[in-house]
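Descriptive structure summary
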Amino acid sequence: MPSPLTVTFLGTSAGSGPSHSRNTTSILLNLNGSMCLVDCAEGTQRQLLHSGQRVWGKIERIYVTHMHLDHVAGIAPFLSNMMSAIARPPGLNIDYTKPRIQFFSPPGLRLLLRTQLSLSQTMLDGTYAVHELLLPSEHPSAPCDPDDLHPSESPGLDLVADKDGVWHDIDTFAGINISSTRITHRVPCLGYYFSEAPQPSPIPQNYLAALDANAEALAEQGVKNPRALLRTITKDREPVTLPDGQVLSPPELAIDGRSMLILGDTSDASPCLRLLDQEKGVSLLVHECTNAYIPVEVDPYMGGDRTTADKMREKAISRGHSTPDMAGAFAKLCGARRLAMNHFGLRFQAPGKMPYITPMAQMRSRVIAELEDQASAAWGLGRAVCATDFMTIEIHTHELEPQSSPWDAKKSGGHLTLASSFPEETSSDTAL
């Protein structure tokens, strides 16, 4: 059984944040033990400290969705800390022959980081590289000629999309393949598709019996532990011929690999359907939810123009954003097995942690439940969740069929776990 793919939300606020209960956008992925980020907003380092995750020297990739500051403002400080010779933990082995951190981004990040590091006179322990994802009509934000590079920078790639606007296989990281395409926002913005190759079926029980039965003959051949040959069968995927003539072949790759589609800000993510096997679906969809229509009976105190759901949807689309029903409708289109929403406007504060319950917290809970209801109704395949900072989702398997309630495991500690390090909210939050 492979280790779970783990998604930890470090920040779930839209650009109007940070707020008392949400930091701006960043997501930490643990891919089979290797770490990467999707976006890196202001305050990401502090969120990492509060998350309890041990990440120093382990984050090797950052996938940037777009260049708005609520998604990239934390990158330069992150580099100066994570690649500092002064703060390097003892015993950390660094391979200086390759970039320590690689970025994938729309045009702009290469020039931004080069300028920030140069003007702040920041030198790093090792190098980084920025790969920019370009449409055929676009140019990189800065060249990568030796004379142009920052002293701590390695040359990055200029990755040009195919004729359909898709970047196939831009990276393979920790056994996970990454592809990308543009989605609709006010600036060039990306959705990233993380997919795992098909996994082998479990080892048949008769293999163990066969190995044990050949233990004496294998010992004569120098194999002290016959079951150690399982590694040859499962990891190296090579057949093993036993002394009695039996051939133990590697199990078939019959289990669907897991997958995640993580979107930047968008009012239309349909181009991402080109990345997916829609019949198989996607294990987890992370979709933004900046705006929403909230009925007056749910929250009589929420201000703003919320005359109708259609009006609120039009407002969101005009700004390149989405509502919960839009997130649910897209989840249905791509056959998502799980749907988590993030990037919430200031109106949608996190409810607070139990057992701290106040009228304000109860109202917030009703509002968040309303967002989840709207998304779930449009999705129709399960219960959507509104992510909170430090929420962790573990993906153990890719379900062959849509789950009636893929979040049931949160009650027993499986797919979904919650944590919060925020101080308790006060009545001052009502101003938000």
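Throughout this description, residue numbers start from 1 for each chain and increase along the sequence as written. Whole-chain, interface and lining totals are the exception, using all residues; otherwise, since this is a predicted model, local features are given only for residues with pLDDT of at least 70 and side-chain atom pairs are given and counted only at 80 or more. Excluding hydrogens and water, the side-chain figures rest on all heavy atoms present in the structure.

- As recorded in an unreviewed UniProt entry, the protein chain goes by Metallo-beta-lactamase domain-containing protein and comes from Calocera cornea HHB12733.
- UniProt positions are given in the numbering used here, feature names are shortened, and annotations may be inferred rather than shown by experiment. Under the UniProt heading Subunit (unreviewed entry), the entry covering the protein chain gives this text: "Homodimer."
- Here the protein chain is described in UniProt, under the heading Cofactor (unreviewed entry), as follows: "Zn(2+)".

1. So, the sheet that holds strand 9 (residues 176–183)
- Strand pairing follows a simple DSSP-based rule, namely that at least 2 bridges must link the two strands. Only runs of H or I of at least four residues qualify as helices and only runs of E of at least two qualify as strands under DSSP, and these elements are numbered from the N terminus. Ordered in space as 8-9-10-13-14-15-16, the 7 strands form an open sheet in which the pairing is mixed. Of all the strands in the sheet, the pair left with one neighbour each is strand 8 (166–173) and strand 16 (385–386).
- With 8 bridges joining them, strand 9 and strand 10 (residues 189–196) adopt antiparallel strand pairing. Across the sheet, Asn177 pairs through a bridge with Ser195, a residue of strand 10.
- Helix 9 (residues 324–333) rests against strand 13 (259–263), strand 14 (284–288) and strand 15 (339–342) of the sheet, and its axis sits at about 150° to strand 14. In what follows, a contact means two residues having at least one pair of non-hydrogen atoms within 4.5 Å. Think of each axis as a best-fit line through the C-alpha atoms, taken over the contacting stretch in the case of a helix, with angles from 0 to 180 degrees between the N-to-C directions.

2. A look at the packing of aromatic side chains
- Note on ring pairs: Phe, Tyr and Trp rings are taken, using the six-membered ring of Trp, and paired if centres are within 6.5 Å. Classes follow the plane angle, with under 30 degrees stacked, over 60 edge-to-face and the rest tilted. Tallied over the full model, the rule gives 4 aromatic pairs.
- With a centroid separation of 6.3 Å and an interplanar angle of 85°, the aromatic rings of Phe103 and Tyr128 are classed as edge-to-face. Within this pair, whereas Phe103 is found in strand 5 (residues 101–105), its partner Tyr128 is found in strand 6 (residues 128–134), the two being separated by 25 residues in sequence.
- Overall, the relative accessible area of 0% leaves Phe103 in the buried class.
- An aromatic cluster is present here, built from Tyr63, Phe104, Tyr192 and Phe194 joined pairwise through their rings. Remark: exposure states derive from per-residue accessible area (1.4 Å probe, protein chains only) relative to the maximum for the residue type, with buried under 20%, exposed over 50%, and partly exposed in between.

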